[in-house]
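# Breakdown of the fold
Listed below are the residues making up each chain.
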Amino acid sequence: MQNKTSGVQEMDRLLNFLNNIKNPILIEEFYRLELTGDKIADDLLIQVSKMTIQQLINDGMINIKNEKIYGLTDKGVEMYSIFKELAYKK
């Protein structure tokens, strides 16, 4: 049985990962973190990762320098906190 997660859970996992980066990671390495070995699935995952990272860059939410991701910006940390409040509001 496949593990299915919601878009909210995936975004939470991504932002949590970016918020906890201790050592900068090359953008290209980031794109390959969760490859499956299936070429079609992997091509799709890479495209989704590229779109997501580009949107986070455009929104000023991640620190990028010399093709490396250094984590969330102050704005990114604030937006992640708001996201968690809204996503998991009871």
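This report concerns the structure included in the present document. A quick note: this is a predicted structure, and the numbers were derived from the prediction, not measured.

## Some words on the nonpolar core
Ranked by internal contacts, the top residues of the largest apolar core, which has 16 residues, are Leu18, Phe30, Ile53, Leu56 and Ile69. The set of elements that each furnish at least two residues to this core consists of α1 (7-19), α2 (27-31), α3 (39-58) and β3 (68-72). In contact with Ile69, not counting residues within four places along its chain, are Leu18, Ile21, Pro24, Ile25, Ile27, Phe30, Ile53, Asn63 and Ile64.

## Some remarks on unusual backbone geometry
A positive phi angle is found at Asn66, which is not glycine, with a value near 55 degrees. Within the element layout of this structure, Asn66 appears in the loop between β2 (62-65) and β3. With a relative accessible area of 65%, Asn66 lands in the exposed category. The residue Glu67 is not glycine, and still its phi comes out positive at about 65 degrees. By the secondary structure assignment, Glu67 is in the loop between β2 and β3.

## Looking at a nonpolar patch on the surface
A surface patch of nonpolar side chains, about 310 Å² in accessible area, is lined by Leu44, Val48 and Met51. Examined against the element boundaries, Val48 turns out to sit in helix α3.

## Digging into the side chain of Asp12
With respect to the helices and strands, Asp12 occurs in helix α1. Lys84 provides the closest opposite charge to the buried, unpaired Asp12, separated from it by 5.8 Å. With sequence-adjacent residues up to four places away left out, Asp12 is seen in contact with Tyr80, Phe83, Lys84 and Tyr88.

## Points about the sheet that holds β2
Spatially, three strands are ordered β1-β3-β2 in an open sheet, and the strand pairing comes out antiparallel. The open sheet is flanked by β1 (25-26) and β2, the only strands paired with a single partner. When β2 meets β3, the two strands line up antiparallel, connected through four bridges. Bridge pairing in β3 places Ile64 opposite Ile69. Against the sheet, α1 engages β1, β2 and β3, with an angle of about 105 degrees to β3.

So, how was this worked out
Residues numbered from 1 in each chain as written. Predicted model: local features only at pLDDT ≥ 70, side-chain atom pairs only at ≥ 80, totals over all residues. Heavy atoms only, no water. Core = buried A, V, L, I, M, F, W, Y, C linked by side-chain atoms within 4.5 Å. Buried < 20%, exposed > 50% of the residue type's maximum accessible area, 1.4 Å probe, protein only. Helix = DSSP H or I, 4+ residues; strand = E, 2+ residues; numbered from the N terminus. Contact = heavy atoms within 4.5 Å. Patch = residues over 30% accessible without salt bridge, like charges linked within 9 Å, V, L, I, M, F, W, Y side chains within 5 Å. Areas by Shrake-Rupley, 256 points an atom, 1.4 Å probe, with all protein chains shown as cover. Salt bridge = Lys/Arg side-chain N within 4 Å of Asp/Glu carboxyl O. Lys, Arg positive; Asp, Glu negative; His and termini not counted. Pairing = 2+ DSSP bridges. Axes fitted to C-alpha atoms, helices over the stretch in contact; angles between N-to-C directions.

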